[in-house]
Amino acid sequence: MQTLLPAIKQALAAAFTDFRANDIYVARHENVIPTTARPPCIGIKDGEIKFADLSGGMQEKTMQVHLVIYLPFSQTDEAAILGDVNHQGVLAVAGDIHKTLQQNTLGISGLIDADPLSES
């Protein structure tokens, strides 16, 4: 996680150039936005790590990372989901995150797969 979280932050910052630097951040909790950030913003939160022993003394590590998208309150419920002429909705932002991170090993040595597990 020490390498993974900053690498995700860097990849998202490069992709979301219209976000301020502090608006993509490593989160201490999924429901807490730092005082330096403001919506729209993306929180990156470490999740569960699973270990599996493999043959040949190898070990597989599966690391889960949660990404939380926050949008401005000024949008209607529908616009927050679908977007409008002024702002992307959460579905469009999530789609852009998928494009950025899907199968992106972020230049991390030993990282062999990067796939979303779920979305809610």
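Rules used in this analysis
Just so you know, the residues in each chain are numbered from 1, in the order the chain's sequence is written. For a predicted model such as this one, the threshold for reporting local features is a pLDDT of at least 70, and the threshold for listing and counting side-chain atom pairs is 80 or more; totals across whole chains, interfaces and linings nevertheless cover every residue. Excluding hydrogens and water, the side-chain figures rest on all heavy atoms present in the structure. By definition, two strands form a pair when at least two bridges between them are found by DSSP. Elements are defined by DSSP. Helices are runs of H or I of four residues or more, strands are runs of E of two residues or more, and each kind is numbered from the N terminus. Axis lines are fitted through C-alpha atoms, for helices just across the contact stretch, and the angle between N-to-C directions can take any value from 0 to 180 degrees. Roughly parallel means an angle under 35 degrees; roughly antiparallel, over 145; roughly perpendicular, 65 to 115; everything else is oblique. Take the far helix as your reference; a near helix turned counterclockwise from it by less than a right angle gives a left-handed crossing, and one turned clockwise gives a right-handed crossing. Working rule for contacts: check all heavy atoms of both residues, and any pair within 4.5 Å makes them a contact. Put simply, Ala, Val, Leu, Ile, Met, Phe, Trp, Tyr, Cys and Pro go in the nonpolar bin, Asp, Glu, Lys and Arg in the charged bin, and everything else, Gly too, in the polar bin.

**So, the sheet that holds strand β1 (residues 24–26)**
Alright, step 1. A sheet is described by the order of its strands in space; here three strands give the open sequence β1-β2-β3, paired in mixed fashion. Sheet topology places β1 and β3 (59–70) at the edges, where each strand pairs with a single neighbour. Neighbouring strand axes in the sheet, compared pairwise and without regard to direction, differ in orientation by 30 degrees on average.
Alright, step 2. In terms of strand pairing, strand β2 (residues 41–53) meets β3 through eleven bridges, oriented antiparallel.

**Overview of unusual backbone geometry**
Alright, step 1. Cis geometry is adopted by the peptide bond preceding Pro40, which originates at Pro39 and carries an omega value of 0 degrees.
Alright, step 2. For Pro40, the position within the fold is in the loop between β1 and β2.
Alright, step 3. The phi dihedral of Leu106 is positive, around 60 degrees, even though this residue is not glycine.
Alright, step 4. Tracing the sequence through the fold places Leu106 in the segment after α3 (90–101).

**Points about the packing of helix α1 (residues 4–15) against α3**
Alright, step 1. Between α1 and α3, whose axes approach to 10 Å, the crossing angle comes to 120 degrees. Taken together, the axes of α1 and α3 are oblique relative to one another. Both α1 and α3 take part in a crossing whose hand is right-handed. Here Ile8, Ala11, Leu12 and Ala15 of α1 come into contact with α3, specifically with Ile97, Thr100 and Leu101.
Alright, step 2. Classifying every residue of the contact of α1 with α3 gives six nonpolar, one polar and no charged.

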